[in-house]
Amino acid sequence: MTYNLKPKTYIFGNWKMYLGFDESNILVHALLQQKYVADNMCIAIFPSALAIREVAMAAQDTPIAVGAQNVNWNPKGAYTGEVSAHMFKDVGCTYALIGHSERRHIFGESNEDVRKKLEACVDVGLIPVLCIGETKEDREAGKTQYRLKKQLMKALDGLDMRGGQLIIAYEPVWAIGTGDACLPDDARDVIGWIREEVKLYQSGIVPVLYGGSVSGDNVVSYVSQTEIDGVLVGGASSTYDTFSTLISRVISK
Ligand code: PGA
């Protein structure tokens, strides 16, 4: 396969609820030992809310950025158990995942909630990573574009990014954590379509990543596609061996 590293390839690691405080710190320090050069790569990790401040402090002024897995849209107040976009920004986050499939499907997050979270990110200067994806039922019913169109429209129609960056992650629900990754050519086609769709709402460059069972073994087949700007990795980002292997496969290609 011929492969040219793009001007920027995004490798984002969503640590979900996999790692405790100590485990998160051990992993960030191990990754920092690698001294990745960030010129043509953009690496970010998304630790639990508990570990985020410590991880962000360790990664400060390094090529590894840090993001939140979820935000509350209110700046502060009586919202038990929640953490605001503002608070994440305050402790050194650059990014926030918004509308991740597990938030939508396990915690009932609606397209309206997603929109409010995006606006909160813009308000505080966090770069939102808007996650969208169809379910298996959508796909089998030929409704992939319908589902994605709706998620994009509700999230982006009339949204003023005020010059800030937006990133989109295409994560088919059926591919997340299942080992059943979307075929690279299918991901490329859907992402090509997403790019066109996003132009209806946003001018400027909006990177689009693929996520869903990405591993060291298949990462190159995604990032080698011109349409795909990078990957959002869950399980394989949560151990040093799997994540460092994945990153080195991208670098060495
Ligand atoms: P996975 O998760 O890599 O474990 O499939 C991806 C994600 O949820 O972002």
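Reading the values: rules and limits
Residues numbered from 1 in each chain as written. Predicted model: local features only at pLDDT ≥ 70, side-chain atom pairs only at ≥ 80, totals over all residues. Heavy atoms only, no water. Near = heavy atom within 4 Å. Polar contact = N/O pair within 3.5 Å; in protein donor to acceptor, adjacent residues only side chain to side chain. Nonpolar A, V, L, I, M, F, W, Y, C, P; charged D, E, K, R; others polar. Helix = DSSP H or I, 4+ residues; strand = E, 2+ residues; numbered from the N terminus. Buried < 20%, exposed > 50% of the residue type's maximum accessible area, 1.4 Å probe, protein only. Contact = heavy atoms within 4.5 Å. Axes fitted to C-alpha atoms, helices over the stretch in contact; angles between N-to-C directions. Parallel < 35°, antiparallel > 145°, perpendicular 65-115°, else oblique. Left-handed = near helix turned anticlockwise from the far one by under 90°. pLDDT = per-residue confidence, 0-100. Expected span 1.5 Å × (residues − 1). Arc of directions from axis to C-beta. Salt bridge = Lys/Arg side-chain N within 4 Å of Asp/Glu carboxyl O. Phe/Tyr/Trp six-rings, centres within 6.5 Å; stacked < 30°, edge-to-face > 60°. Lys NZ or Arg CZ within 6 Å of the ring centre and 35° of its normal.

In the vicinity of the ligand lie 14 residues, with Lys 16, His 100, Glu 171, Gly 177 and Ser 213 positioned nearest. The contact in question runs from an oxygen atom of the ligand to an N or O atom on the side chain of His 100, over 2.6 Å. The contact in question runs from an oxygen atom of the ligand to an N or O atom on the backbone of Gly 235, over 2.9 Å. Here the shell around the ligand is built from residues that sort into five nonpolar, seven polar and two charged.

The next subject is the side chain of Asn 70. Summarising the element assignment, Asn 70 is placed in the loop between strand S3 (64-68) and helix H3 (85-90). On the accessibility criterion, Asn 70 (16% relative accessible area) is buried. Setting aside its immediate chain neighbours within four residues, Asn 70 contacts Phe 88, Leu 97, Arg 103, Glu 109 and Lys 117.

Glancing now at the packing of helix H1 (residues 21-33) against helix H2 (residues 52-59). The description of two packed helices rests on the angle between their axes and on the distance between the axes. Remark: H1 packs on H2, axes separated minimally by 9 Å, with the N-to-C direction vectors making an angle of 15 degrees. With respect to each other, H1 and H2 are oriented roughly parallel. Between H1 and H2 lies a crossing whose hand is right-handed. Only Glu 54, Val 55, Ala 58 and Ala 59 of H2 make contact with H1, whose side of the interface consists of Phe 21, Ser 24, Asn 25, Val 28, His 29 and Leu 32. For the contact of H1 with H2, the residue count by class is six nonpolar, three polar and one charged.

A word on the confidence of the model for the protein chain. With 97% of its residues at a pLDDT of 70 or more, the protein chain has an overall mean of 95. Note on residues 1-5: pLDDT is under 50 here. Beyond four places in sequence and across chains, it has nine contacts.

The next thing to look at is helix H8 (residues 184-198). The terminal C-alpha atoms of H8, which comprises 15 residues, lie 21 Å apart, in line with the 21 Å expected from a rise of 1.5 Å per residue. Every buried residue of H8 is listed here: Ala 187, Val 190, Ile 191, Trp 193, Ile 194, Glu 197 and Val 198. Projection of H8 onto a plane perpendicular to its axis shows the buried side chains occupying an angular sector of 160 degrees, all on one side. Lining the buried residues of H8 we find strand S5 (127-132), helix H7 (144-156), strand S6 (167-170), strand S7 (208-211) and helix H9 (219-223).

Now for the packing of helix H5 (residues 111-124) against H7. Where H5 meets H7, the axes come as close as 8 Å, and the angle between the chain directions of the two elements is 45 degrees. With respect to H7, the element H5 is oriented oblique. Here H5 and H7 pass one another in a crossing that is right-handed. Counting all contacts with H5, which are made through Asn 111, Glu 112, Val 114, Arg 115 and Leu 118, the residues of H7 involved are Lys 150, Gln 151, Lys 154, Ala 155 and Leu 156. Of the residues assigned to the contact of H5 with H7, the class counts are four nonpolar, two polar and four charged.

On to helix H10 (residues 240-252). For H10, built from 13 residues, the straight-helix expectation of 18 Å at 1.5 Å per residue is met to within 8% by its first-to-last C-alpha distance of 18 Å. For H10, the set of buried residues is Phe 243, Ser 244, Leu 246, Ile 247 and Val 250. Angularly, the buried residues of H10 cover 155 degrees about the axis, an arc narrow enough to put them on a single face. Counted as exposed and oriented over 90 degrees from the buried face of H10: Asp 241 and Ser 252. Buried residues belonging to H10 abut strand S1 (9-14), H1, strand S2 (41-46), H9 and strand S8 (230-233).

Evaluation of the coordinates by the stated rule reveals 15 salt bridges. Here Glu 102 makes a salt bridge to Lys 16, at a shortest N to O gap of 2.8 Å. Separated by 86 residues along the polypeptide, Glu 102 in helix H4 (residues 101-106) and Lys 16 in the loop between S1 and H1 bring together distant segments of the chain. Taking relative accessible area as the criterion, Glu 102 reaches 23% and is therefore assigned partly exposed. Residues joined in a network through salt bridges with shared partners are Arg 103, Glu 109 and Lys 117.

Another point: the packing of aromatic side chains. Evaluation of the coordinates by the stated rule reveals six aromatic pairs. Note on Phe 12 and Phe 46: the rings are 5.5 Å apart at their centroids and 55 degrees apart in plane angle, and the pair reads as tilted. Here Phe 12 is found in strand S1, whereas its partner Phe 46 is found in strand S2, with 34 residues between them in sequence. With respect to class, Phe 12 is no different from Phe 46; both count as buried. Measuring from ring centre to ring centre gives 4.8 Å for Phe 12 and Tyr 95, while their planes differ by 55 degrees; the resulting arrangement is tilted. Here the residue Phe 12 occupies a position in strand S1, and Tyr 95 occupies one in strand S4 (residues 95-98), the gap between them amounting to 83 residues. For Phe 12, a relative accessible area of 0% translates into the label buried. What links up through ring pairs into an aromatic cluster is the set Tyr 10, Phe 12, Phe 46 and Tyr 95. In this structure, Lys 143 is placed above the aromatic ring of Tyr 146, and the distance from its NZ or CZ to the ring centre is 5.5 Å.

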